[in-house]
Amino acid sequence: MKVIEARGLRKAFGATIALDGVNLEVDEGRILGLIGPNGAGKSTALNAILGLTPYQGELRVLGRDPWSERDQLMRDVCFIADVAVLPRWMRVSQALDYVAGVHPRFDRAKAEGFLAKTDIRHASKVRELSKGMVTQLHLALVMAIDARLLVLDEPTLGLDLLYRKQFYDSLLNDYFDRSRTIVVTTHQVEDVQHVLTDLMFINRGRIVLACSMEEFESRYLELTVRPEHVAAARALKPIHEHQVLGRSILLFDHADRQQLAALGDVRTPGIADLFVAVLGNKVGQAQGVVQ
Amino acid sequence: MNTQSNAVPDSPLGAQGIAPAAMSVTRPMYWSVRRELWENRSIYIAPLAVAGFALVGFLIATIGRSLSTPDLAERRTILEEPYSFATALIMGAATIVALFYCLEALHGERRDRSILFWKSLPVSDLTTVLSKASIPFVILPGLAFVVTVATNLIMLLLSTAVLKGSGLSAAALWAQLWLFQMQLLYHLVTVHVLWYAPIYAWLLLVSGWARRAAFLWAGLPPLAIFIIEKLAFNTSHFAALLRYRFTGPEEFDFTEPGSSFALHPMMHLNLGKFLSTPGLWTGLLVAAIFLAAAVRLRRYQGPI
């Protein structure tokens, strides 16, 4: 079951091309991380998926056209776009009442259960809550909706480490199951590395890398090379090299683990390292490039 | 390309057993209107506050003044005076609230980015815009009517007590009042809802369109049209059109001096004449076009 299917998705703002023929398919039960630099087209892609912006090309979300059927689609799709979009004048109890009123799949008891684990009081107004608490409230509302696709656009921006960790923990423990699908964009990639099942890099409106996390872990290796083996390691054609504290760290695609282990310490790279390698490096174009 | 890996088999369709959720059309509408009332409490606070103010004024000034005059006839006249004034105050408050509400309705949600939250829920843009339009078209006139009737009733009860105490009958006052209430309702529906509809719809459209200073954008285009027309053709049909919209058709401008309850020249206008005024129907058509444009616009709008 394809949750999202896009073919040749294009979107331009004047002369700026935000999406340049994106093809993507997301299956049910996946947690996809859409990673890219600022202005890469992440939000535009999500907005198109959510029916917030018109687009060219083909796009189906749960079999619907998001632009023409947004209100219908929103029964099965939830999203948190950025932190702090909950109206500041609203009381927590009003937010519960309203969502329960308009959403056929909202389970109020579940939302109250989530809120009971926080310090959020029903009588509080959103403006009286801290940024972290607003996010908790929004997450409680969203997790109580029995949706098939959840889209998170920078859901933890500006939150401290504890709230961020809590956010993804509750998402995994209390919400996610194999019949739901989550698409998340974030700049805090280290937070989501162990949450994702799939990874996608987007740059200048194009998808430059797409793989599952299993593939990512088997394919990419990071070698902290011992100084005497630097030349030997470079001969194996790393896709990226950088220096940390005087030591060379090399990133390999499709390399032999045993062979590398002889040259230094081998480990799975962080998403951030691969991101820098693929996007900050011309060599990246040859690696795992889609399109 | 495909993000699927072999690790996860596709779940069968409808694994969660979600039946297509049935929800009536009216429910999102009902909650959207409630939402507006939560956010804009001035919608009911302002008319109530003005009513309270009018009652206090009535109690202190009118009752006090009437009791201080020994002349019974004059006492009756004094007591008959303030009804239309109190009514006009409440209606005026409701109108001002309606104007400001409309200018803010589709602007505020974009400014505070909450539109992203509203749009994440299964409520159509049509429902949202109609729920916002219902405030000036239904809620405020209805509220103004109820508050006015209640205020007038309290005033009437107080007057009756004073008149009875002076040995005078209040029957005439009561009879006049019921007529007055019916006229008021008629006035509200014909003038405030139907005749002024394009004005409210225009303000709603501007609030959905302007990125900032919605107040200016509401007034500048009409001013620009007026100036351009004046410079290009040395005519002022557009200004006449606007004046016509604000004051109502001139042929209906007949006041009945005798009534102490006269509120507005258009109050007594003939229903047949009113319904056969082309200006009414073109106005409603324009209002519908403005609202349709506001609905369409909201589809495209994100936070500003």
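**Student:** Tell me about the overall build of chain A, and please be specific about residues and values.
**Tutor:** Summing up its helical and strand segments, chain A has 11 helices and 13 strands in all. On C-alpha atoms alone, chain A measures out to a radius of gyration of 21 Å, which is about the 19 Å that the 2.2 N^0.38 rule sets for 291 residues. Oriented by its inertia axes, the alpha-carbon framework of chain A measures out at about 65 × 40 × 35 Å. Evaluated residue by residue, chain A yields a buried proportion of 48% over its 291 residues.

**Student:** Mind laying out the pairing of strand β12 (residues 247-253) of chain A, listing which residues take part and the relevant values?
**Tutor:** Residue and element names in this part refer to chain A. Sheet topology places strand β10 (residues 220-225) next to β12; 5 bridges connect them, and they run antiparallel. Bridge pairing links leucine 221 to phenylalanine 252 in β12. Counting the residues that bridge the hairpin from strand β11 (residues 240-244) to β12 gives 2 residues, and of these leucine 245 lies at a positive phi of roughly 50°.

**Student:** Describe the sheet that holds strand β1 (residues 2-13) of chain A, naming the residues involved and giving the relevant values.
**Tutor:** Residues and elements named next belong to chain A. Here 3 strands make up an open sheet; going across it, the order is β2-β1-β4 and the pairing antiparallel. The open sheet has two edge strands, β2 (16-27) and β4 (56-61), and neither has a second partner. The sheet shows a mean angle of 15° between the axes of neighbouring strands, taken without regard to direction.

**Student:** I'd like a description of the pairing of β11 of chain A, backed by residues and values.
**Tutor:** Alignment of β11 of chain A against β12 of chain A, held across 5 bridges, turns out to be antiparallel. Bridging across to β12 of chain A, histidine 240 of chain A finds its partner in leucine 251 of chain A.

**Student:** How would you summarise the confidence of the model for chain B if you had to cite specific residues and measurements?
**Tutor:** As a note on interpretation, predicted positions should not be read in detail where pLDDT is low. Residues and elements named next belong to chain B. Scored by pLDDT, chain B has a mean of 82; 86% of the residues are at 70 or more. Contacts from residues 1-22, a stretch scored under 50 in pLDDT, to residues over four places away or in other chains number 38 contacts. In the predicted structure, residues 251-266 sits below a pLDDT of 50 and forms 29 contacts with residues beyond four places in sequence or in another chain. For this predicted complex, the interface confidence score (ipTM) comes to 0.88, while the overall pTM stands at 0.85.

**Student:** Explain unusual backbone geometry to me, and be specific about the residues and the numbers.
**Tutor:** For leucine 245 of chain A, which is not glycine, the phi dihedral falls at a positive 50°. Relative to the helices and strands, leucine 245 of chain A resides in the loop between β11 and β12. Positive phi is not limited to glycine here, since arginine 113 of chain B has a value of about 65°. With respect to the helices, strands and loops of the structure, arginine 113 of chain B is situated in the loop between α5 (108-111) and α6 (115-118).

**Student:** Could you give an account of the nonpolar core, with specific residues and numbers?
**Tutor:** All names here are of chain A. Residues Val77, Ala95, Ala140, Leu150, Val151, Met200 and Phe252 are the most contacted members of the largest nonpolar core, which totals 100 residues. Residue contributions to this core peak at 7 residues, all from helix α5 (residues 131-143). Not counting residues up to four positions away in its chain, the partners in contact with leucine 150 are Cys78, Phe79, Val142, Arg180 and Ile182.

So, how was this worked out
Residues numbered from 1 in each chain as written. Chains lettered and ligands numbered in written order. Predicted model: local features only at pLDDT ≥ 70, side-chain atom pairs only at ≥ 80, totals over all residues. Helix = DSSP H or I, 4+ residues; strand = E, 2+ residues; numbered from the N terminus. Rg over C-alpha atoms; globule rule 2.2 N^0.38 Å. Buried ≥ 20, exposed ≤ 12 C-beta atoms within 10 Å, placed from the backbone. Pairing = 2+ DSSP bridges. Axes fitted to C-alpha atoms, helices over the stretch in contact; angles between N-to-C directions. pLDDT = per-residue confidence, 0-100. Contact = placed C-beta atoms within 7 Å. Core = buried A, V, L, I, M, F, W, Y, C linked by C-beta atoms within 7 Å.

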